[in-house]
Amino acid sequence: MITDGTRTTLLRRAALNNAAWCDAVCRAHGVAPRYEGDGLWVSPRRTPPMYPDAVTLEPGGPAERVLLGVDTDSPGCSVKDSFADLDLAGAGFEVLFEAQWIHRPAGAPLPAAEAEAGGPEWSEVTDAAELSGWEAASGGVFRPELLGEGIVFLAGRAGGRIVAGAVASTGGGVVGVSNVFGAAWAGVLGAVAVRWPGLDVVGYEHGEDLEAALRAGFTPIGPVRVWLRTGGADHASAV
């Protein structure tokens, strides 16, 4: 059973890991976010679509501090409220969605692979051409600059075609898994265990994707909330 103290530590690590991933994506697009102390990651300039303009890294931080670091004047500002403890409604934000942070300890038994589509073989995307194929299968858009140490695009292939995949990234002392597609948890966790056998695995999911993660051995450890400033174009945070 996870104690409250351990849970808070895991939440901090999950939030920091997610901020590191968002930071890498932003920098690949020429955006330069910053960390403000230990409690906040912010981008004064609008981030790429589907990525937040701020991520809270500690619970209990003031909403005013978050808002000072981001551009609330142009449409689409979004905030990842990692501990679901902000109230941004008064600043023109609405809750876009809520999800659960999930955690799986290092060394936990791997789930059975019977749900995997065709039992794909797993490998790492190594170049821009492979990344293009991964993008086509996943529906995401990623820059080749992200291919490097600490970030791995995992691809499950069947008949030479990518049918499943995920992104695994280190940071915060854990491995974060995101952008999972193709009923991939068994293969993804196996690949992560080979590369980082001593690190816990974290992420966040909701709805049916959360149910699939729980079946793969994850435990929900706390809520995460994404706020969107209304009145402009969508700028949803998905990762």
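Further up the page is the structure itself.
The following refers to the structure shown. (Residues numbered from 1 in each chain as written. Predicted model: local features only at pLDDT ≥ 70, side-chain atom pairs only at ≥ 80, totals over all residues. Heavy atoms only, no water.)

**Some details on the overall build of the protein chain**
In terms of regular secondary structure, the protein chain is built from five helices and eleven strands. Taken over C-alpha atoms, the radius of gyration comes to 17 Å for the protein chain, in line with the 18 Å a tight globule of 239 residues would show. Projected onto its principal axes, the C-alpha coordinates of the protein chain cover approximately 50 × 45 × 30 Å. Restricting the contact set of the protein chain to residue pairs at least 6 apart, pairs at least 24 apart contribute 68%. Just so you have it, the protein chain exposes about 10600 Å², and 53% of that area is on carbon and sulfur atoms. One way to put it: in the protein chain the 17 positive side-chain charges average out to a point 2 Å from where the 29 negative ones average out. (Helix = DSSP H or I, 4+ residues; strand = E, 2+ residues; numbered from the N terminus. Rg over C-alpha atoms; globule rule 2.2 N^0.38 Å. Contact = heavy atoms within 4.5 Å. Areas by Shrake-Rupley, 256 points an atom, 1.4 Å probe, with all protein chains shown as cover. Lys, Arg positive; Asp, Glu negative; His and termini not counted. Charge placed at Lys NZ, Arg CZ, Asp CG, Glu CD.)

**As for the pairing of strand 4 (residues 78–81)**
Put simply, side chains in a regular strand alternate between the two faces of the sheet. Along strand 4, one buried face is formed by Ser-78 and Lys-80 and the opposite face, lined by Val-79 and Asp-81, is buried too. Pairing geometry for strand 3 (residues 54–56) and strand 4, over two bridges, is parallel. Among the inter-strand pairings, Ala-54 is bridged to a residue of strand 4, identified as Val-79. For the crossover that starts at strand 3, traverses helix 2 (residues 63–68) and ends in the parallel strand 4, the hand is right-handed. Of the strand pairs in this sheet, strand 4 and strand 11 (residues 219–229) are connected by four bridges, and their pairing is antiparallel. Bridge pairing in strand 11 places Val-79 opposite Trp-227. (Buried < 20%, exposed > 50% of the residue type's maximum accessible area, 1.4 Å probe, protein only. Pairing = 2+ DSSP bridges. Right-handed = clockwise from strand over helix to strand, strands pointing away.)

**Overview of the sheet that holds strand 4**
As summarised here, the arrangement of the eleven strands in space is 1-2-3-4-11-5-10-9-8-7-6, forming an open sheet in which the pairing is mixed. Edge positions in the sheet fall to strand 1 (34–36) and strand 6 (121–124), since each of these pairs with one other strand and no more. Along the sheet, successive strands turn relative to each other by an average axial angle of 25 degrees, direction set aside. The pairing of strand 6 with strand 7 (residues 151–158) spans four bridges and is classified as antiparallel. When the sheet's bridge partners are listed, Trp-122 is paired in strand 7 with Gly-156. Its contacts with the sheet put helix 3 (residues 128–138) on strand 6, strand 7, strand 8 (161–171) and strand 9 (174–181), and the angle it makes with strand 8 is roughly 105 degrees. (Axes fitted to C-alpha atoms, helices over the stretch in contact; angles between N-to-C directions.)

**What about the side chain of Asp-81?**
Checked against the element boundaries, Asp-81 lands in strand 4. Among buried charged residues, Asp-81 stands out as having no salt bridge; its nearest opposite-charge side chain is Arg-225, 4.0 Å away. In contact with Asp-81, other than residues within four places in its own chain, are Thr-56, Leu-86, Val-224, Arg-225 and Trp-227. (Salt bridge = Lys/Arg side-chain N within 4 Å of Asp/Glu carboxyl O.)

**Overview of helix 4 (residues 185–195)**
The buried fraction of helix 4 is high, at eight of eleven residues. Among the residues of helix 4, those classed as buried are Trp-185, Ala-186, Gly-187, Val-188, Leu-189, Gly-190, Ala-191 and Val-192.

**Focus: the packing of aromatic side chains**
Using the criterion set out here, one finds ten aromatic pairs in the structure. Here the aromatic rings of Trp-21 and Phe-142 are separated by 6.0 Å at their centres, their planes lie at 40 degrees, and the arrangement is tilted. One end of the pair, Trp-21, is in helix 1 (residues 4–28); the other, Phe-142, is in the loop between helix 3 and strand 7, and 121 residues separate them in sequence. On the basis of relative accessible area, Trp-21 is assigned to the buried category, the value being 3%. (Phe/Tyr/Trp six-rings, centres within 6.5 Å; stacked < 30°, edge-to-face > 60°.)

**A closer look at the environment of Val-224**
By the secondary structure assignment, Val-224 is in strand 11. Along the backbone, Val-224 and Val-202 are 22 residues apart, and their C-alpha atoms lie at a distance of 13 Å. Residues contacting Val-224, with those up to four places away along its chain left out, are Lys-80, Asp-81, Ser-82, Phe-97, Glu-98, Ala-99, Gln-100, Trp-101 and Tyr-204.

**Some words on unusual backbone geometry**
Unlike most non-glycine residues, Met-50 shows phi in positive territory, near 80 degrees. Of note, Met-50 is situated in the loop between strand 2 (40–42) and strand 3. Given the relative accessible area of 41%, Met-50 is considered partly exposed. Not every positive phi belongs to a glycine, and Ala-183 is a case in point at roughly 45 degrees. Tracing the backbone shows Ala-183 in the loop between strand 9 and helix 4. Residue classification places Ala-183 among the partly exposed residues on the basis of a relative accessible area of 49%.

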